[in-house]
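Architecture at a glance
Residues per chain, in single letters:
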Protein chains: 2
Amino acid sequence: MSDTYVHGYQPRENERLQDQAGTLVDLLHSDTAYPRGSTVLEAGCGVGAQTLTLAQRSPEARFTSVDVSAESVAEAKRRGDTAGLTNVEFRQGDIFDLPFDAESFDHVFVCFVLEHLPRPVEALTILKRLLRPGGTITVIEGDHGSAYFYPDSAAAHAAIECQVTLQREAGGNSLIGRQIYPLMAEAGLDALRVSPRMVYVDSSRPDLVDGFTKEDVHRDDRGDSRVRARGGSDRAAEVRCRCPRPHRTTEADGVFCYTFFKGVGVKRRRA
Amino acid sequence: MSDTYVHGYQPRENERLQDQAGTLVDLLHSDTAYPRGSTVLEAGCGVGAQTLTLAQRSPEARFTSVDVSAESVAEAKRRGDTAGLTNVEFRQGDIFDLPFDAESFDHVFVCFVLEHLPRPVEALTILKRLLRPGGTITVIEGDHGSAYFYPDSAAAHAAIECQVTLQREAGGNSLIGRQIYPLMAEAGLDALRVSPRMVYVDSSRPDLVDGFTKEDVHRDDRGDSRVRARGGSDRAAEVRCRCPRPHRTTEADGVFCYTFFKGVGVKRRRA
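Residues numbered from 1 in each chain as written. Chains lettered and ligands numbered in written order. Predicted model: local features only at pLDDT ≥ 70, side-chain atom pairs only at ≥ 80, totals over all residues. Heavy atoms only, no water.

**Section: the layout of surface pockets**
Of the voids in this model, the largest pocket is the one considered here, and its volume is about 410 Å³. Considering the residues around the largest pocket, the lining is formed by 18 residues, among which His144(A), Gly145(A), Ala147(A), His157(A) and Gly145(B) are closest to the centre. When residues of the lining of the largest pocket are traced back to their parent elements, those giving at least two are strand S5 (131-150) and helix H6 (154-169) of chain A together with strand S5 (131-150) of chain B. (1 Å grid on protein atoms, 1.4 Å probe; cavity = no way out; pocket = protein on both sides within 12 Å on 5 of 7 lines; lining within 4 Å. Points joined across faces, edges and corners; volume = space filled by probe spheres on them. Helix = DSSP H or I, 4+ residues; strand = E, 2+ residues; numbered from the N terminus.)

**Some thoughts on the confidence of the model for chain A**
All names here are of chain A. Looking at chain A, the pLDDT average stands at 81 and 75% of residues meet or exceed 70. Taken together, the stretch residues 1-20 has pLDDT below 50 and engages in 51 contacts with residues farther than four places along the chain or on a different chain. In the predicted structure, residues 213-250 sits below a pLDDT of 50 and forms 70 contacts with residues beyond four places in sequence or in another chain. For this predicted complex, the interface score ipTM comes out at 0.80, alongside a pTM of 0.82. (pLDDT = per-residue confidence, 0-100. Contact = heavy atoms within 4.5 Å.)

**A look at the pairing of strand S1 (residues 39-43) of chain A**
All names here are of chain A. In terms of burial, S1 is largely enclosed, as five of its five residues are buried. What joins S1 to strand S2 (residues 62-67) is helix H3 (residues 49-57), and the crossover it makes is right-handed. Pairing geometry for S1 and strand S4 (residues 105-111), over three bridges, is parallel. Within S4, the residue paired with Glu42 across the bridge is Phe109. (Buried < 20%, exposed > 50% of the residue type's maximum accessible area, 1.4 Å probe, protein only. Right-handed = clockwise from strand over helix to strand, strands pointing away. Pairing = 2+ DSSP bridges.)

**Some points on the packing of H3(A) against helix H4 (residues 70-83) of chain A**
Residue and element names in this part refer to chain A. The N-to-C vectors of H3 and H4 enclose an angle of 35 degrees; their axes lie 9 Å apart at closest approach. Note on packing geometry: the crossing formed by H3 with H4 is right-handed. Counting all contacts with H3, which are made through Ala49, Leu52 and Gln56, the residues of H4 involved are Arg79, Gly80 and Ala83. Broken down by class, the residue content of the contact of H3 with H4 amounts to three nonpolar, two polar and one charged. (Axes fitted to C-alpha atoms, helices over the stretch in contact; angles between N-to-C directions. Left-handed = near helix turned anticlockwise from the far one by under 90°. Nonpolar A, V, L, I, M, F, W, Y, C, P; charged D, E, K, R; others polar.)

**Observations regarding the sheet that holds S1(A)**
All names here are of chain A. Pairing within the open sheet is mixed, and its seven strands lie in the order S3-S2-S1-S4-S5-S7-S6. The strands lining the two open edges of the sheet, one partner per strand, are strand S3 (88-92) and strand S6 (190-201). With direction set aside, neighbouring strand axes in the sheet form an average angle of 20 degrees. Across six bridges, the pairing between S4 and S5 is parallel. When the bridges of S5 are listed, Val108 appears paired with Ile137. The strands that H4 touches are S2 and S3; relative to S3, the one it contacts most, it runs at about 165 degrees.

In structure tokens, the structure reads:
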């Protein structure tokens, strides 16, 4: 593949592309496009929330989307069929034990997954092994420590703290966004560039409220299913019922800030 | 004046302009330019750190830059002379008691000032009175609650908490960035758009580390002089000596995030 086909190497380019972002989907994905005929592994597809966007934005690439949860994969497949996707194969599989040969894929895409894993660098190292030299790994994660509000809200902070604690108890890390650069560097990826994607909402920007609300729901669904897949309880849903959702702040003419981080790294070509 | 001369109304435009930002000065100011012959009041110029950038980027506009501290104004004037500025008049004056007629200026610019004031909406309302209908007010402020790091650092959080406390004791608010939209809305400004300007630094982005470090020093200088001007002690400098600077995190191959907010609003034309 040619590097010129895959956007997202340069942070300046990433920031420019935010110009086009009317919704959170645009903000996160508008600079990801895979070339005709390339093979892409989506590791941790959950119920397919990102898969639909990915596959529709790169209709001539071929995706293999895997998730550890057979239940989620079934739901993802159902959604893909409903959307008429023809360039995605869904498979059940554990990132730490995937049934693929080394150097099977041109690119790897990992979105809202590392936050759930106790050993994210090991996961990246395994995924890098599946990648052909010169191919890219794209990682997108949020960071709950990036959330703040006006008016400030003890309830909102409590809600976030709940989610951070639950994630940590489940072996994950809700503050992982800020760590994408050092994690990808430790996994030995080259030409590494990370760009923040900040969601800023005030009452003049209802479009981003909508985008964030929907996406947030998707993320919660996936988190819960992963916690359950690991033998976790339904405490997440229980706690969330008692805690106001952070984005509620914006409904009272307030301000809400949250930042996602997107990293793109390259597997070094052999000398 | 024509609205088309003044950039910064649209957040999409602001975000696009971040594309050009190699340093913090670019990130904050690249989308501010005033047209030939327009008159601009810079309220709270301190020692002129922003004045030089403003005046050099709009060489055919005429600036009046005021600060409550005669000492700061003298230093600003010295810097302006050294830089060869010919389009700036420096004057000592208190924002709450300025010696200008109503509707004297085409535009108003306020950067890192509201954070120091106990009544920011009153200040904006007073400044709006000095503005001709159809003119703009531009406000730039940081928000210390937007700072986070990897690795996380108790010392860095303590340093930030020191600054927030000192600012509050001096009657100010170091968490004001997130409030720019509601504050400007309360002051009755129209066509109001606020855009965040996030500084993200990892070891691949040393240019922004440099920009932030320099700017941070300027801000501290101004804050201290304002605290002193209000009869405050030198405790700020004292505490800072004991607290590590937040940006030190980046020196150990870490990650540092901080967000400034820039708002532009218009004084409504008479019907």
